[in-house]
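Results of the structural survey
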Amino acid sequence: MVAPVLRSLRSAGKSLSFGYLKHHSFPRAPWLRHGFSSSASSISTPDASFSALDPGRLRNVAVIAHVDHGKTTLMDRLLRQCGADIPHERALDSISLERERGITIASKVTSISWKGSELNMVDTPGHADFGGEVERVVGMVEGAILVVDAGEGPLAQTKFVLAKALKYGLRPLLLLNKVDRPSVTEERCSEVESLVFDLFANLGATEEQLEFPVLYASAKEGWASSIYTKSPPDDARNMSELLDAIVKHVPPPTASVDAPFQMLVSMMERDNFVGRILTGRISSGIIQIGDKVHGLRGTDAGIVKIEEGKVVKLMKKIGTNTVSIDNAGAGDIVSLAGLTSPAIGHTVASVDVMMALPTVELDPPTISMTFGVNDSPLAGRDGTYLTGRQIGDRLLAEAERNLAINVLPGLSDSYEVQGRGELQLGILIENMRREKFELSVSPPKVMYKNVNGQKLEPIEEVTIEVNEEHVGFVMEALSHRRGTITDMGEVPGSVGRTRICLTCPSRGLVGYRSVFNSDTRGTGFMHRAFLTYEKHRGPLGNVRKGVLVSMGNGTITAHALTSLEARGILFVKPGMETYDGMIIGEHSRDTDLDVNPVRAKELTNIRAASKDENVKLTPPRLMTLEEAIGYVASDELIEVTPSAIRLRKRYLDVNKRKAMSKKPKE
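Residues numbered from 1 in each chain as written. Predicted model: local features only at pLDDT ≥ 70, side-chain atom pairs only at ≥ 80, totals over all residues. Heavy atoms only, no water.

Across its full length, the protein chain carries 18 helices and 35 strands. The proportion of buried residues among the 666 residues of the protein chain is 52%. Of the contacts formed within the protein chain by residues at least 6 apart in sequence, a portion of 72% connects residues at least 24 apart. Total accessible area computed for the protein chain in this model is approximately 30,200 Å², and 50% of it derives from carbon and sulfur atoms. (Helix = DSSP H or I, 4+ residues; strand = E, 2+ residues; numbered from the N terminus. Buried < 20%, exposed > 50% of the residue type's maximum accessible area, 1.4 Å probe, protein only. Contact = heavy atoms within 4.5 Å. Areas by Shrake-Rupley, 256 points an atom, 1.4 Å probe, with all protein chains shown as cover.)

This paragraph deals with helix α8 (residues 186-202). Look at α8: 24 Å from first C-alpha to last across 17 residues, which is about the 24 Å you get at 1.5 Å a residue. Turning to α8, its buried residues number three or more, namely Arg188, Cys189, Val192, Val196, Leu199 and Phe200. The arc that holds the buried residues of α8, viewed along the axis, is 120°, so those residues lie on one side. With respect to the buried face of α8, the exposed residues turned more than 90 degrees away are Glu187 and Asn202. Next to the buried residues of α8 lie β4 (143-149), α7 (156-167), β5 (173-177), α9 (207-210) and β6 (214-218). In the segment just after α8, Gly204 is the residue with positive phi, at about 80°. (Expected span 1.5 Å × (residues − 1). Arc of directions from axis to C-beta.)

This next bit is on the packing of helix α4 (residues 71-81) against helix α10 (residues 240-249). The N-to-C vectors of α4 and α10 enclose an angle of 90°; their axes lie 10 Å apart at closest approach. Regarding the angle of α4 to α10, the classification is roughly perpendicular. Residue-level inspection shows Leu74, Leu78 and Gln81 of α4 in contact with α10, the latter providing Ser240, Leu242 and Leu243. Taken together, the residues of the contact of α4 with α10 break down into 4 nonpolar, 2 polar and no charged. (Axes fitted to C-alpha atoms, helices over the stretch in contact; angles between N-to-C directions. Parallel < 35°, antiparallel > 145°, perpendicular 65-115°, else oblique. Nonpolar A, V, L, I, M, F, W, Y, C, P; charged D, E, K, R; others polar.)

The full count for this structure, using the stated rule, is 32 salt bridges. The partner of Arg281 in a salt bridge is Glu142, with the nearest N and O atoms 2.0 Å apart. Here the residue Arg281 occupies a position in strand β9 (residues 275-284), and Glu142 occupies one in the loop between α6 (131-137) and β4, the gap between them amounting to 139 residues. Among the residues examined, Glu142 registers a relative accessible area of 14% and is labelled buried. A salt bridge links Asp594 to Arg657, with the nearest nitrogen and oxygen atoms 3.1 Å apart. You can see Asp594 sitting in strand β33 (residues 593-595) and its partner Arg657 sitting in helix α18 (residues 654-661), a full 63 residues away along the chain. What makes Asp594 partly exposed here is its relative accessible area of 31%. One network of salt bridges, with partners in common, ties together Arg544, Asp592, Asp635, Glu636 and Lys649. (Salt bridge = Lys/Arg side-chain N within 4 Å of Asp/Glu carboxyl O.)

Note that all results are geometric; they support no functional claim without further evidence.
Following this line, the structure appears as structure tokens:
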């Protein structure tokens, strides 16, 4: 099948331009040099062109790690090593929210050339909430680089991402990062290697997987070494040893270019000019611009044909740029445009193929929130998209791009959105907010299971590092949230720091991060990852006090807030708009209190000899979106607009609230 394709390529013109690196200055692999010759004489034999599509030159690798262990910085150094132009640090974090928060939210694919091989590198998120991004890309690769902080060792998310890699039969390379830190010694590195080996064994790794190569690196300083060192020689302060290890230890794709074209869609994005762009690894065959393809989906009833069309554009990410290419072969990771219906998990194949590739199995969501129309008295002042239909269309489009999110239609223009955690759903809400949506959001609810009549709830594995003086506050708070400690001890290499490992129900951790940051004065670290479903651990203790609820409409006055400061902590400041049923603060007691924050000072015609005293108010606690999601109770909602985040009662009328409070809770 390859020979006719090559003959058609040669007859199409005098030159065979793959277009991979036409505008790039970094080194070209030898197999690409033929593609830029100005004459057809450079392709004198079919074997020369076949080498350009040979899967043996490819290495598909995912970079996996716990959050903040240095994945994206490592990718920067690898790109720079291979000559790519890096416009700024964390170059692959292209989403605005990623740059603002310093985290990776979505998986990214890029390609670099090294010593005749082409390395397709996949950068993955480290937060547990974005675990779905890891799950759907590990099926695209044949190898993985497990990055572990040499000081912290393997943590909760390390276990999660490693389990996914081992499940797909990958043989990870262990990279101990941040070895340049003063607290990291050779003994500490040996200890971390032992911990990682135990983690491999506990996750059921095979003998081949247990024989993982170990490298030591400082991604910040831009070097990697196969032997332990803190300061390599000047001629070795680069990533050459890591790149050589990838070529040596990661096997090439076992794919055939002679078989018909098939590709499983693993990523999807939209372009204003070419429409839907589908990204995935080519499982077999060759694809070129103009080929007729169709989308397939496997169902219980059999294979369903979604849509038929032709490839109008082929693209590949080279370094930090996306370039157009003319064709690609089996084993390569490419993006194509021309189809409007296929989504993630679907198969794109030649029109003569009617077999869909197996889809990726994702872990079930553990938390849900209800998105609805904003019906507060201040609705419609800031946003552009206000209706239930517009909100529903946006949520369904998100669920199509992100398989870890499920959207179920509810009652009266509301939608139940299921996901992995507060951070994941908070990112979705923040994106909608920036797109000029207005909506109301319910507090997160944990998704339970019933097995043999027994109620099961999701349990998370939590790792906490705090100063010794804060241990008591953390232990007390977690005891109210049904946490069970599994291990506790000193942090290696740190004086006065304690590490606590525990299991806790997901419902107990909702809203705890802001409390944790307050208890530890911002010096603590908390990492969490889904563990399993277990028997329901019973009701939580008292984790929140009552709230101050406005019973007036209008502009908040400083005169009114002066008398309300003694009642609790305020969430508002003078000049803000309020309405009946809006939450303006936290009560100092466990019950809710209705107050009037719009009360103005009465004016008289009596002239006073002294001036009115200046009003001095304590700065209010202005909540971020994540804090609001964790704070609201079951009878409350979050009002989200482009310019404001407000807390409110579900029922604005005070009499309706009293009537509903008498009903038994779920």
